[in-house]
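Commentary on secondary and tertiary structure
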Amino acid sequence: MSEIRDSMKCVLIVIPMLIVGGEAVRAQTVAEYSRRVDSLGRVWQIEQRAEHARDTVRVRVLPSDTIRIDQLVVLADSAHVQLARAIAERLAPLVRQRFGSFADRLSRTPIVLRTQLIQPGDNDMVESGVVNSRGVLQALTLEPANSKQLVRSWQYKIASVLSADLPPEIRGWLGSGLAPTAPDRRTWHQGRVGLALSGTLASRECAAGAVARCVQALGLTPVPNPAFALFDATGRQKMVADERRALRDEDSTTFDRCVRANQYAACDSIARSMPPELVPMALPGSARSTVLEYALVKGGSGAFDRMIATPGGIRDRLEAASGESADSLVRQWRAAVMDAPENAASLDGETAISSLLWAALCGGLALRSSRWR
Amino acid sequence: MCFAVETRDLRFSPGKGFEISDLNMHVPSGSVYGFLGPNGAGKTTTIRLLLGLLPPSAGSIAVLGEAMPSRHARVMARTGYVPERPHVYPTLTVTEALELHAAFHERWDQAWAGTLLRDFRLPGGRRVGAMSKGETGKLMMLLALAQRPDLLVLDEPTDGLDPVVRRDVLEALLGYVASCNATVLISSHLVHELERICDWIGLMDRGSLIAELPMEQFRGGIKRLAVIDAGEAKEAPFTVLARRPSAAGGEDWLVRGWSSDMRGYFGSHGATLRSVIDLDLEEGFVELLRSFREVA
Amino acid sequence: MSRWLRMWRALLKTQWTWTRGMLLGAAVLVFAMPLLSVRTAAGVDTEVAFIRMVQRWGVGYAIVAGALGLFVAIAAWSSDHRLKHIYALSLPIARWRYVLMRFLAGAVLLLLPMAALLAGAVVASHNASIPATLRAYPFALTFRFLFAALVAYAIVFAVSAGTERTARYILAMIGLFFVAQLVLISVGSHFDLSGHVADVLFARPGLLSVFSGRWSLIDV
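For clarity, every value in this text was computed on a predicted model and none was experimentally measured.

Considering the overall build of chain A
Of the regular secondary structure elements, chain A holds 17 helices and five strands. Looking at chain A as a whole, 34% of its 373 residues qualify as buried. If you take every contact in chain A between residues at least 6 apart in sequence, the share linking residues at least 24 apart comes to 58%.

Next up, the structure:
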């Protein structure tokens, strides 16, 4: 939270200054320019010191009671010690099971639980956050003071902290962070949604059963000319439209012909010259995340540690985590997500039974219809 | 004597100033019982109480030997009912109405229903809602008769019907009664109609049964006597229903059970009998009503 | 044939007479809806757009199901109400048996539009070119439709079976709800009464939970 504030302050202070400064630069001598930059720098330093002072005050408000359960360290004020302990005792084994020894780094980033300062007097709410490596309290959230909500909140915070420390090969491939909880039926359904709706050529062929295309769509194997190998004409058009800002050197006329006039040849010409790093993966992050989860499930105990410890790219790491070849892993993953049963369009048993029971109840009430009218 | 319908201290108080109080009614089995009374007397309400369509406030009801309203399903299986207003679904055709009714009545006589359909000249394909009042009246009678009931309860069945239809309906009714020992409870305010067919009469006014007697007694027995110097009617050999001053001087006595050899009674009591006037059913009904209201 | 079955068939026949126009019209409508939904989605480029086009018809299914239940229930009782229940009460069966038979007759009649919807959904699923990554859910859609119609039918049937006093109580409760909501607004309370009531009704396993969810013939 304070990082966002920092960034906003940067933007709000620096940009007007740059605007003002920029106007002056055009008619200035070098000396005058140097003096103005120094002045700007001094203002910036003053503001930074003030912000640090405010943060320091907040850090001083950190609770004093410390609870250590396995890798979890929780700082709680005296009113919430029991609650913090209960949550930590519940979460620690789950975190250990899921993230293995990688979770040890959590001891350097304590979780904070304290009486909330925003709405004094409201004892049903608490503040919860994480102290980062610089000692700054971040990810500060206002939560209801019950263990169910807090467990969920802390799982997200822990996943966020650990995601930031992931090796770049994994972090870059995932796109989004680690999922906070172990996979369930919804996870595989999410994978299917990602696979079904990504709309790319490779994902369609993957869904149809071509496992090799799944591997390519997941970015686990290099593909020459990915813009053409993994995407059809419509996909390339979308890719060009999404990457407009990055394609600074492109002729705007060609761009307009592609995006506005739907001339796919124009899209193809832009795609041909597109740097490979701008070509997105053919399956979205939501689908990729489920592949990682599936690998962890397949690999069982120690899977996460093996994934972290193995050097190399994402393919090697997934193979190490799951104990399977990438092709076999992806084949099994594809079967699992395609068979994922839960879907909002289908009628689940609970809704069906509850409807019948409600109808029966109303019918039963109707039977009490009186003779006397 | 056994009774097809019997009530004991029956009371019904729906509020709004109307009440049926202490009704003791006895409809002999096998009789044609005329239920007579002016509009608003409580005849329809009483019939609905008898058939379990209204909950009594107090008292007991027995119909065909079964307590009502608790045994109403068993009773209605043996009872044909023609209500005051048509109760058949107007969107059904005549044939559909018959099929529906037949499904609920185990004693339904399909052959006889067909005969009645022909005799009443009712078109099977016509919607009930599109029929005339006479046709609807005949249909309701057909439904009641064809289920071969032990008890027929008819609430003003010929009200508003033309004479031809009325004749058809009453003929069918009498034909049925003659063929089996069914009991008929028929309510009407048309006195002359009941006079022809009923052998028992019950007179109702303002929620009370003011008289219940065989038709013979009612028809032949009620007379108006013009009496002069009348004293108290002690030990009279006849029943004095009412006494009121006469415009011509003296009193008018309304009596039942009079015979001509009773003239000597007045002489022995110092009174003079000036005249004896026979009353027909309608006049007797009116006189009874008037007397009852004056007493009330 | 058993006596009760004979009676029930007779009531079923009368209710069919009263509702056949509406049921046949609804059957034609719900047969056509799946076919039209995939036809409008034909030719779109992406799976997301395909689903979106098909799902636009989703609200229609829910509305038709609710309306069907409502009108079949009203039709079941309207003739009796008009005749002040004299005919029904003079039949030689207990009141609760009569009500039960009427209820079951109306519920059975709802199977006709359900069958029409199933037929239309199956035909649409087979004849449409559905993107390979999407699936058709004809049976799920049909059963959701049936259960939704049944719930709507049962609610309205129960209300219609009551006396005038029952109807007054229900109207009074609804009125009280609106008064309470107005009072809360006027005192500046942030308590969202209608939101809470809606949550209770529409969230599983609430009374109307079958109406929520995705009414979509084609989905992921």
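Don't stop here, the text continues.
Points about the overall build of chain C
The helix and strand inventory of chain C stands at nine helices and two strands. Taken along the three principal axes of its C-alpha coordinates, chain C extends 65 × 60 × 25 Å. Split into buried and exposed, the 220 residues of chain C put 42% on the buried side. Contacts spanning at least 24 positions in sequence make up 82% of the contacts within chain C whose residues lie at least 6 apart.

Considering the domain arrangement of chain C
All names here are of chain C. Looking at chain C, the domain boundaries give domain 1 (3–162) and domain 2 (164–211). Each partner contributes residues to the interface: domain 1 has seven residues there, and domain 2 has six residues. The greatest single-element share of the side of domain 1 that touches domain 2, amounting to five residues, is contributed by helix 7 (residues 138–161). Split by residue class, the side of domain 1 that touches domain 2 holds five nonpolar, one polar and one charged.

Digging into the interface of chain C and chain B
Counting residues at the interface gives 17 residues for chain C, matched by 19 residues for chain B. Every element with two or more residues in the side of chain C that touches chain B is listed here: helix 1 (3–41) and helix 4 (86–89) of chain C. Per-element accounting of the side of chain C that touches chain B gives the leading share, seven residues, to helix 1 of chain C. A per-class count over the side of chain C that touches chain B returns 11 nonpolar, four polar and two charged.

Quick look at the sheet that holds strand 8 (residues 151–155) of chain B
Residue and element names in this part refer to chain B. Taken together, the six strands give an open sheet; going across it, the order is 7-8-9-4-10-11, and neighbouring strands pair in mixed fashion. Looking at strand neighbours, the two that pair on one side only are strand 7 (79–82) and strand 11 (208–214), the edges of this open sheet. Ignoring strand direction, the axes of neighbouring strands in this sheet form an average angle of 15°. As paired strands, strand 4 (residues 32–36) and strand 10 (residues 200–205) are joined by four bridges and run parallel to one another. Pairing of F35 across the sheet is with G202, part of strand 10. The strands touched by helix 5 (residues 133–146) are strand 7 and strand 8; relative to strand 7, the strand with the most contacts, the crossing angle is about 175°.

Description of the confidence of the model for chain A
All names here are of chain A. Across chain A, pLDDT averages 83, with 81% of residues at or above 70. Across residues 1–13 the pLDDT falls below 50, and counting only partners more than four positions away or on other chains, this stretch makes 12 contacts in the model. Note that pLDDT drops below 50 for residues 19–28; the model gives that stretch five contacts with residues more than four away or on any other chain.

A short note on the interface of chain A and chain C
Listed per partner, the contact involves 32 residues of chain A and 39 residues of chain C. Secondary-structure elements contributing two or more residues to the side of chain A that touches chain C are helix 6 (185–197), helix 7 (201–208) and helix 17 (349–367) of chain A. Looking at the side of chain A that touches chain C, its residues break down into 17 nonpolar, 10 polar and five charged.

Some details on the packing of helix 10 (residues 233–242) of chain A against helix 11 (residues 252–259) of chain A
Residues and elements named next belong to chain A. Packing of helix 10 against helix 11 leaves a shortest axis separation of 10 Å and a crossing angle of 135°. In terms of axis orientation, helix 10 runs oblique to helix 11. Helix 11 is crossed by helix 10, and the crossing has left-handed handedness. Taken together, the residues of helix 11 that come into contact with helix 10 (itself represented by Q237, V240 and A241) are F255, C258 and V259.

Description of the environment of A:R186
All names here are of chain A. Looking at where R186 falls in the secondary structure, it is placed in helix 6. By the C-beta count within 10 Å, which is 11 here, R186 ends up exposed. Between the C-alpha atom of R186 and that of T254, which follows or precedes it by 68 residues, the distance is 42 Å.

Details of the pairing of strand 2 (residues 18–23) of chain B
All names here are of chain B. With three bridges connecting them, strand 1 (residues 3–15) and strand 2 associate as antiparallel partners. Paired with F12 across the strands is I20, a residue of strand 2. The loop that links strand 1 with its antiparallel partner strand 2 comprises two residues; one of these, K16, has a positive phi angle of about 55°.

So, unusual backbone geometry
That bond from B:M68 to B:P69 is cis: its omega, 5°, falls within 30 degrees of zero. Mapped onto the fold, B:P69 is located in the loop between strand 6 (66–68) and helix 2 (72–76). Between C:R204 and the following residue, C:P205, the backbone shows a cis peptide bond with an omega angle of 0°. Relative to the helices and strands, C:P205 is located in the loop between helix 9 (193–202) and strand 2 (218–219). You will see that A:A139, though not glycine, has its phi angle at about 50°, which is positive. If you trace the backbone, A:A139 turns up in strand 5 (residues 137–144). Residue class for A:A139 comes out buried when judged on the 20 C-beta atoms lying within 10 Å of it.

Things to note about the nonpolar core
Counting 156 residues, the largest nonpolar core has C:Y153 and C:F157 as the members making the most contacts within it. For this core, the leading source of residues is helix 7 of chain C, giving 18 residues. In this structure C:Y153 touches C:G69, C:V72, C:A73, C:G106, C:A107 and C:L110, once residues within four positions along its chain are discounted. Counting residues in each nonpolar core, the second largest holds 75 residues, with A:I87, A:A88, A:F102 and A:V215 among its members.

Some remarks on the sheet that holds strand 4 (residues 125–131) of chain A
Residues and elements named next belong to chain A. With mixed pairing, the five strands of this open sheet are ordered in space as 1-2-3-4-5. In this open sheet, the two strands that pair with only one neighbour each are strand 1 (65–69) and strand 5. Looking at each pair of strands side by side, their axes are set apart by 20° on average, direction ignored. Bridge analysis of strand 3 (residues 111–115) against strand 4 gives five bridges, and the strand direction is antiparallel. Within the sheet, the bridge partner assigned to T115 lies in strand 4 and is V126. Sheet strands in contact with helix 4 (residues 147–164) are strand 3, strand 4 and strand 5, and its direction is about 160° off that of strand 5.

Overview of helix 8 (residues 164–186) of chain C
Residues and elements named next belong to chain C. For helix 8, spanning 23 residues, the distance from its first C-alpha to its last is 33 Å, which sits close to the expected 33 Å at 1.5 Å a residue. The buried fraction of helix 8 amounts to zero of the 23 residues, a small share that puts the element mostly on the outside. The first or second residue beyond helix 8 is G188, which carries a positive phi of 80°.

Examining the pairing of strand 4 of chain A
Residues and elements named next belong to chain A. Extensive coverage of strand 4 is indicated by the burial of five of its seven residues. The pairing of strand 4 with strand 5 spans six bridges and is classified as antiparallel. In the sheet register, V130 faces strand 5, and the bridge partner there is Q138. Hairpin connection between strand 4 and strand 5: a loop of five residues separates the two successive antiparallel strands, and G135 in this loop has a positive phi of roughly 80°.

Things to note about the environment of B:N39
Residue and element names in this part refer to chain B. Position of N39 among the secondary structure elements: in the loop between strand 4 and helix 1 (43–50). On the basis of neighbour count, N39 is assigned to the exposed category, with 8 C-beta atoms found within 10 Å. Through-space distance from the C-alpha of N39 to that of D205 is 8.7 Å; in sequence the pair is 166 residues apart.

Quick notes on the rules
- Residues numbered from 1 in each chain as written.
- Chains lettered and ligands numbered in written order.
- Predicted model: local features only at pLDDT ≥ 70, side-chain atom pairs only at ≥ 80, totals over all residues.
- Helix = DSSP H or I, 4+ residues; strand = E, 2+ residues; numbered from the N terminus.
- Buried ≥ 20, exposed ≤ 12 C-beta atoms within 10 Å, placed from the backbone.
- Contact = placed C-beta atoms within 7 Å.
- Domains from an automatic or database assignment.
- Nonpolar A, V, L, I, M, F, W, Y, C, P; charged D, E, K, R; others polar.
- Pairing = 2+ DSSP bridges.
- Axes fitted to C-alpha atoms, helices over the stretch in contact; angles between N-to-C directions.
- pLDDT = per-residue confidence, 0-100.
- Parallel < 35°, antiparallel > 145°, perpendicular 65-115°, else oblique.
- Left-handed = near helix turned anticlockwise from the far one by under 90°.
- Core = buried A, V, L, I, M, F, W, Y, C linked by C-beta atoms within 7 Å.
- Expected span 1.5 Å × (residues − 1).

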